Amino acid sequence: MRLTGGEILVESLKKEGVDTIFGYPGGAVLPIYDALYDADIQHILTRHEQAAAHAADGYARATGRPGVCIATSGPGATNLVTGIATAFMDSSPLVAFTGQVPTPLIGRDSFQEADITGITLPITKHNYLVKDVRELARTVKEAFYIATTGRPGPVLVDIPRDVSGAQCEYVEPGPVELPGYRPVVDPDPEQVLAAARLIATAERPVIYAGGGVVSSGASEELRRLAELIMAPVTTTLMGIGGFPGNHPLSLGMLGMHGTRYANYAVCECDLLIAIGARFDDRVTGKVETFAPEAKIIHIDVDPAEMGKNVRVDVAVIGDVRRVLQALLKVLEVASHPAWLEKIDRWRKEYPLSYEEDGLKPQFIIRELYHLTQGEARITTEVGQNQMWTAQFYTFTRPRSFISSGGLGTMGFGFPAAIGVQVACPEEVVFDIAGDGSIQMNIQELATAVSYDLPVNVAIMNNGFLGMVRQWQELFFRRRYSYTELYNPDFVRVAEAYGAEGIRVTKPAEVRPALEQAIASPKPVFIDFIIDREENVMPMVPPGESLRKMLG
C-alpha cells in the first residue's frame, strides 16, 4: 500500500509498540501530525518542547520502554536538546523525531532551519537525517533498536518536510543488522570466574550498584547476590530503588551526599563490586583516595566505561542481569560477621538526622514516605530537594525514583512526573521540587490539567537557589551572590491553571496537606515554606576524599 512519510512513521511506531507520544506541532511536522490525527496512538501536547523530551524520558524510566517525543524544525528541535542530553547522561531510551526544512532548502539558512543532527551528535547514541521516504521505515526500526539495546540512550531522527509528505509503497523492514554495532550481552565465562575468585577470598566486600541494575531489570539478581555473599550494598543516585532501601544490607547512597556508613565502608572495603555504575566524580570524590584498599570488579554493558575513571582488577562486560545470573551459578555462600558488625556500629554512630525545629524538608519527605508506605513514584528536580529525597524517602522497588543524575537538569522533575503519570495512571506520583527548579517548566501545569493527570508537586520553598546558596555559605563566606529568589504565589499560580494549591507553614499541617493532595483528582501544588538556610548533610567537599565529610 502507498503511504505518506507521515503515515509510514505512524505505522512504524505501532510496530514498535508505541502507545504514547509527547510533542508540540509546527510547520515542518504537519504531514506527521496529519497522520497522527487518525492514529491509535495517544499524543500528549506539552506546552514546551523541552517538557516533551523530559516527559518522554520520565515515561521511559517508569516503564523500561522507549519514550517518544516530537518537535518541529529549528527552535522546536533545539528546545529538545536539554531533554535529549539529560536522557543521554542517564542512559535512558528515548527516540526523538524532529521536522526539518525540505531537502532542497537544507544548508541555505532557511526559515526555522537548524542542523539538529550536528547539534545532537555528542548527546545521542546515533542520529539520522532521512532524505528518502523509502528509507523511513527502516530508519525508525533501527532507531528503536539502537535506543534500547546495549547501554540504552537517545536516538534522534530528523525528517524533512518533503520526506514526511512524500508517498511510497510501504514495506515492513526485516530484522536489524548493523555492522559495527553488536553490543555484548553475554559475559566471558573466564571473566565471570575471575570475579568469582575475588569474591570468594574477600573479607570486607561492598557492592556498589548503579542505574544499570535498574535498566537491565537485575534488581532480584542483585538482592540474591548480596544475600548469598553477605555483602552490604550502596547505590548511586541512579541506582536508587535497584536494591530495597529497607533491606538490612542496604547502606543507602554513597558519594557527596551519601551516608557516612556507605562512604566509610567503601573506604575500608577490600573488594568493591561495581555493577552498572560509572564511577562519576560525585561518587568517587578525590579519585586517588577512592576505595584505596580494594580490588575492584566492574560489571557493565559498556566496554568504554572499563578503566575510564578508576583502575579495575576484573572487568566483566555484558548485560548486568545476565552477568549476575552467571555469577550466581558459580558462587558459594559466604559470611562476613565482623565486617557487618563494624558497619552496624557506623550506622548507629552516624545516622541520617536533622534538627527538628521549624518546618524541615527532611520531615516532609519522611511523612510522604510513611503516608505512601514507599509505594509512590517520585520524581525530583535538581539540587537540595533531590538530595533530601534520596536520603529520606526509602525506595524499595526499581523505577520508583526518577531524577536527572548526570546532567543535573533543573526543570526535569515536573514534566517527567507527567510522563510517569501517563505511564502509571493508577499510581500516586509526586515531583519533589525546589522553588527555583519548578519555575523552569511551570507552564506544564496546563498539560497536567488538560489531560486530567493528578500529578502532585511538593515545593520546598526556601526563597533561594538552595544548593548554590549552600555552596556559597560553605565555600564562599556566605556571599549570597544572586541566589535569593522573588517567587510568585504558587498556590494562586496553580489555581490560575485550574489545578489545586495548598500552602503549608507548620509541621502539623504536613500530613493533612499530603493526604488532601493524594485524594484530589486534580494536579496539586503544595507550597511548603521551609527553613531558609537548611543544608543537605552530610557532604563531601568537592575534590576531597569520601572520608572528609561535613555535617
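This text gives an overview of the structure that appears in the document. Given the structure is predicted, the values throughout are model-derived calculations rather than measurements.

## Considerations on the overall build of the protein chain
Okay, step 1: In terms of helices and strands, the protein chain carries 22 helices and 20 strands.
Okay, step 2: A globule of 551 residues ought to have a C-alpha radius of gyration of about 24 Å, and the protein chain, at 24 Å, matches this closely.
Okay, step 3: Taking the principal axes of the C-alpha coordinates as reference, the protein chain spans close to 70 × 60 × 40 Å.
Okay, step 4: The burial tally for the protein chain puts 59% of its 551 residues in the buried class.
Okay, step 5: For the protein chain, contacts bridging at least 24 residues in sequence account for 75% of all contacts bridging at least 6.
Okay, step 6: By element, 51% of the accessible surface of the protein chain is carried by carbon and sulfur atoms, the whole surface being about 21900 Å².
Okay, step 7: When the 50 positive and 67 negative side-chain charges of the protein chain are each reduced to one mean point, those points stand 4 Å apart.

## Describing the packing of helix α11 (residues 219-229) against helix α14 (residues 320-330)
Packed helices, taken two at a time, are described by their axes: the angle between them and the distance between them.
Okay, step 1: At a minimum axis distance of 9 Å, the contact between α11 and α14 shows a crossing angle of 30 degrees. Crossing of α11 over α14 shows left-handed handedness. Residues Glu-221, Leu-222, Arg-224, Leu-225 and Leu-228 of α11 form the contact with α14, whose own contacting residues are Arg-321, Leu-324, Gln-325 and Leu-328.
Okay, step 2: For the contact of α11 with α14, the class distribution of residues is 5 nonpolar, 1 polar and 3 charged.

## Observations concerning the layout of surface pockets
Okay, step 1: If you add up the space inside the second largest pocket, you get close to 450 Å³.
Okay, step 2: Around the second largest pocket, the lining comprises 25 residues; the ones closest to its centre are Gly-245, Gly-252, Leu-352, Gln-391 and Thr-394.
Okay, step 3: When residues of the lining of the second largest pocket are assigned to their parent elements, the largest contribution, 4 residues, is made by strand β11 (residues 250-253).
Okay, step 4: For the lining of the second largest pocket, the per-class residue count stands at 12 nonpolar, 11 polar and 2 charged.

## A word on the sheet that holds β11
Okay, step 1: The parallel open sheet is built from 6 strands, whose spatial order is β11-β10-β9-β12-β13-β14. Edge strands, defined here as strands with exactly one partner in the open sheet, are β11 and β14 (314-317). Across the sheet, the mean angle separating the axes of adjacent strands is 15 degrees when strand polarity is ignored.
Okay, step 2: Across 5 bridges, the pairing between strand β9 (residues 205-209) and strand β12 (residues 271-275) is parallel. What sits directly across from Tyr-208, in β12, is Ala-274.
Okay, step 3: Strands β9, β10 (233-235), β11 and β12 of the sheet are contacted by helix α12 (residues 260-268), whose axis makes an angle of about 105 degrees with β11.

## Let's talk about helix α20 (residues 466-475)
Okay, step 1: For α20, every residue scored as buried is listed here: Gly-466, Met-467, Arg-469, Gln-470, Gln-472 and Glu-473.
Okay, step 2: Tucked inside the fold, the buried residues of α20 contact α17 (384-392).
Okay, step 3: Following α20 by one or two positions, Arg-477 adopts a phi angle in the positive range, close to 55 degrees.

Conventions used here
Residues numbered from 1 in each chain as written. Predicted model: local features only at pLDDT ≥ 70, side-chain atom pairs only at ≥ 80, totals over all residues. Heavy atoms only, no water. Helix = DSSP H or I, 4+ residues; strand = E, 2+ residues; numbered from the N terminus. Rg over C-alpha atoms; globule rule 2.2 N^0.38 Å. Buried < 20%, exposed > 50% of the residue type's maximum accessible area, 1.4 Å probe, protein only. Contact = heavy atoms within 4.5 Å. Areas by Shrake-Rupley, 256 points an atom, 1.4 Å probe, with all protein chains shown as cover. Lys, Arg positive; Asp, Glu negative; His and termini not counted. Charge placed at Lys NZ, Arg CZ, Asp CG, Glu CD. Axes fitted to C-alpha atoms, helices over the stretch in contact; angles between N-to-C directions. Left-handed = near helix turned anticlockwise from the far one by under 90°. Nonpolar A, V, L, I, M, F, W, Y, C, P; charged D, E, K, R; others polar. 1 Å grid on protein atoms, 1.4 Å probe; cavity = no way out; pocket = protein on both sides within 12 Å on 5 of 7 lines; lining within 4 Å. Points joined across faces, edges and corners; volume = space filled by probe spheres on them. Pairing = 2+ DSSP bridges.

Function cannot be read off these values alone, since they describe shape.
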